[in-house]
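Listed below are the residues making up each chain.
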Amino acid sequence: MPDIESLLKETRVFKPHKEFTKQANWNKKQVAEYRKLGAKDPARFWAKMAKQNVSWFTPWKTTLQWKPPFAKWFVGGKLNVSYNCLDRHLEAENAWRRNKAAIIWEGEPGDTRVLTYGELHREVCKFANVLKDQGVKKGDRIALYMPMIPELAIAMLACTRIGAPHNVVFGGFSAQALRDRINDAGAKLVVTADGGYRRGSPHALKPAVDEALKGCDGVETVVMVKRTGEPTNFVEGRDLWWHEVMAGASAKCPPAKLDAEHPLFILYTSGTTGKPKGILHTTGGYLTHVTTTAKAIFDLKDSDTFWCTADIGWITGHSYVIYGILANGATSLMYEGTPTHPGPDRFWDIIERWGVTIFYTAPTAIRTFIRLGDEHPKSHDLSSLRLLGTVGEPINPEAWMWYHRVIGGRRCPIVDTWWQTETGGIMITPLPGAVDTKPGSATLPFPGIQAEVWDEEGQTVTPPNGGFLVLKQPWPGMLRGIWGDPKRYQETYWSQYKNTYFAGDGAHRDPQGYFWIMGRIDDVMNISSHRIGTMEVESALVSHPKVAESAVVGRPDEITGTAIVAFVTPLGGIQADKELGEELRNHVTKQIGAIAKPAEIRFTDALPKTRSGKIMRRLLRDIASGKETVGDTSTLEDYSVLAKLKESEEG
Ligand code: WTA
């Protein structure tokens, strides 16, 4: 693993500044105490956090019930997520928050909307009543296919208010991908918008919903927000306008008292097969995890304006645009559009205008900004910032240093946070007032989390060796399963080692025990911090009538981290040319979405396979990244294929 070696040379250490430590929510002493308790008795540590950070209607009886690989947290406890994110900030000594900004929203065209805690509460209650009027009951699934507009936050919170699990589908996914997710989750109502704004123009969403619903019998109702005002198809008897149904809705809706293990949401993520996995999260454990981590890692204070740039269609947006931030009563900034519209300084302009204090983004965005030039951030006053974070992929030390210097003005701690859709919340991370940071390392597990790096036999590896990242104990935000597929849950995460969670990432630890995450070791690619399975792209390609076979691999890319390269064997008699290449790229966009569009398509007569017929991806990866193949090729069925592949023509 050459990446490990290059990172091993990184020796810079940054100590937390005294002034930061002094005011930190978690100071060194507290962190030391929590680490001790978390190591000795993780369940007790989390019980303490659940009491401290979450409001319960009924206390739990059992903190953790662990029947591997199935965990239940806070059994017997009752609570409500929207109550924790809203109502409790309006009561008694917190009542002053009524007129505090909960969500500061900025649309791409520059329009803005600020929802105070009081207003957000009203809107959420109203939409919860709309859902009830439409016959939505506790446990019914609701699909949300929306742009980054406040109504998305309102809809999510309304679902949690009545106990209807939401299934947010990223607005960049195609109609086909949306249909699969609606059907798999068995959603009965869809909330969408006519469209949103991307790169300066309206981008329609509703046509994809209409297309998707041609194959979804379970959906009875579609509620549509008018965002762009562009002409839109409207199906009488099925479609409703958001503003019309909201106009008559009552703003009184008591929060349902839900079991700690009541399903909170399903979120689909790519795996190693063509079919995405519906990751299931539940109520009490998830809320405890995201609320505690947000408070400790982002050092959230009432005076903060927190901006996480992730789209709510991904787990980062769920946990740290909405739930973890609002549960802390903080102000969350939400931006609709692209980072570089109308100019390359849009992000810095937003930070300056709103006085953002905490900024959380992905390494791929940081690398893009580095390329765009320092003059853009430098033309803005970024002095309001006091803490920076990254998530989604390993950050290269150069990008870390740039972030530290140019955006953080050398004064802001950087929290490089490792976690996954499956973990629900942050798992390995610096604590900004207490942990020394090293550029490129996510540092140490959060208190109460037991992470290790193991070899194939389950032995702890010693530096400088790399291995597989595992989690040895259940944690509260842990996925509770894959929707409708317990077998796959067991096989994907719990079959490599006994009673131990297999994360699918490679990692190594340095002599100080710091974790250095190397990225996915399975057939999942990380494209601009988004997970795409190679199999998903392959299935899309072979569904094209001119394709016989395909193999998809990732190759390193300076900006997006990984770029998709597809090796394609066309059917006999089909002309492999640039046009077909373009046709196939568009086909993948249509099947999955633009995020999965291959950067490169290479045509070949045949794919390299082992005698048992397995595609030799390692070879393809080397070829795609222009490396000489030095690995073992003794099992290669047809040696000539390898030579031909190197010459394969680009489509
Ligand atoms: C990668 C996103 C290195 C990792 C929250 C993981 C990271 C996958 C980091 C999960 C980080 C996330 N350093 N790699 N700080 N954070 N990853 O499910 O490969 O979209 O398995 O969750 O992103 O991606 P997901």
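Cut-offs and rules
- Residues numbered from 1 in each chain as written.
- Predicted model: local features only at pLDDT ≥ 70, side-chain atom pairs only at ≥ 80, totals over all residues.
- Heavy atoms only, no water.
- Core = buried A, V, L, I, M, F, W, Y, C linked by side-chain atoms within 4.5 Å.
- Buried < 20%, exposed > 50% of the residue type's maximum accessible area, 1.4 Å probe, protein only.
- Helix = DSSP H or I, 4+ residues; strand = E, 2+ residues; numbered from the N terminus.
- Contact = heavy atoms within 4.5 Å.
- Pairing = 2+ DSSP bridges.
- Axes fitted to C-alpha atoms, helices over the stretch in contact; angles between N-to-C directions.
- Patch = residues over 30% accessible without salt bridge, like charges linked within 9 Å, V, L, I, M, F, W, Y side chains within 5 Å.
- Areas by Shrake-Rupley, 256 points an atom, 1.4 Å probe, with all protein chains shown as cover.
- Salt bridge = Lys/Arg side-chain N within 4 Å of Asp/Glu carboxyl O.
- Lys, Arg positive; Asp, Glu negative; His and termini not counted.
- Charge placed at Lys NZ, Arg CZ, Asp CG, Glu CD.
- Parallel < 35°, antiparallel > 145°, perpendicular 65-115°, else oblique.
- Near = heavy atom within 4 Å.
- Polar contact = N/O pair within 3.5 Å; in protein donor to acceptor, adjacent residues only side chain to side chain.
- Nonpolar A, V, L, I, M, F, W, Y, C, P; charged D, E, K, R; others polar.

A closer look at the nonpolar core
Grouped together as the largest cluster of nonpolar side chains are 126 residues, with contacts concentrated most on Leu-120, Phe-127, Phe-298 and Tyr-320. The element best represented in this core is helix α7 (residues 150-162), accounting for nine residues. Once you skip the residues sitting within four places of it in the chain, Leu-120 turns out to touch Leu-86, Ala-102, Ile-103, Leu-115, Ile-154, Leu-157 and Leu-326.

Things to note about the sheet that holds strand β22 (residues 466-471)
In spatial order, the strands read β21-β22-β24-β25; together these four strands make up an open sheet with antiparallel pairing. The sheet terminates laterally at β21 (451-454) and β25 (515-520), the two strands that pair on one side only. Neighbour-to-neighbour, the strand axes of the sheet open up by a mean angle of 45°, direction not taken into account. Inspection of the sheet shows β22 paired to strand β24 (residues 501-509) by five bridges, in the antiparallel sense. Paired with Phe-468 across the strands is Gly-506, a residue of β24.

So, the sheet that holds strand β4 (residues 101-106)
As summarised here, the arrangement of the seven strands in space is β5-β4-β17-β16-β18-β19-β20, forming an open sheet in which the pairing is mixed. Taken across any chain shown, the strands that pair with only one partner, and hence form the sheet edges, are β5 (112-116) and β20 (414-417). Strand-to-strand twist in this sheet, taken as the mean axis angle between neighbours without regard to direction, amounts to 20°. Here β4 pairs with strand β17 (residues 331-335) via four bridges, running parallel. Bridged to Trp-105 within β17 is Met-334. In the packing of α7 onto the sheet, contacts are made with β4, β5 and β17, and the angle to β5 comes to roughly 30°.

Overview of the pairing of strand β27 (residues 530-533)
The alternating pattern of β27 places His-530 and Ile-532 and Arg-531 and Gly-533 on opposite faces, both of which are buried. Pairing between strand β26 (residues 524-527) and β27: four bridges, direction antiparallel. Its bridge partner being in β27, Ile-527 is matched across the sheet by His-530.

What about a positive patch on the surface?
A contiguous patch of positive charge on the surface is contributed by Lys-36, Lys-40, Arg-44 and Lys-48. Elements with a minimum of two residues in the positive patch: α3 (28-40) and α4 (42-53). Here Lys-40 is to be found in helix α3.

With respect to the packing of helix α14 (residues 363-372) against helix α16 (residues 397-407)
Axis angle and axis distance: for two packed helices, these are the angle between their axes and the distance between the axes, and together they describe the pair. Packing of α14 against α16 brings their axes to within 10 Å, and their N-to-C directions diverge by 70°. Here α14 lies roughly perpendicular to α16, going by the angle between them. For the pair formed by α14 and α16, the contact residues are Ile-366, Arg-367, Phe-369 and Ile-370 on the first element and Ala-399, Trp-402 and Tyr-403 on the second.

Focus: the site of the ligand
What surrounds the ligand is a group of 17 residues, the closest being Asp-416, Thr-417, Thr-421, Asp-505 and Arg-531. Backbone polar atom of Gly-392 to a nitrogen atom of the ligand: 3.0 Å apart, as the coordinates give it. Between Thr-421 and the ligand, the recorded distance is 2.5 Å, taken from a side-chain N or O atom to an oxygen atom. For the ligand, the protein covers 97% of the area, taking 520 Å² as the surface of the free molecule. At the level of secondary structure, the elements contributing two or more residues to the shell around the ligand comprise α12 (315-326), β20 and β25. Of the residues that constitute the shell around the ligand, the class distribution is six nonpolar, six polar and five charged.

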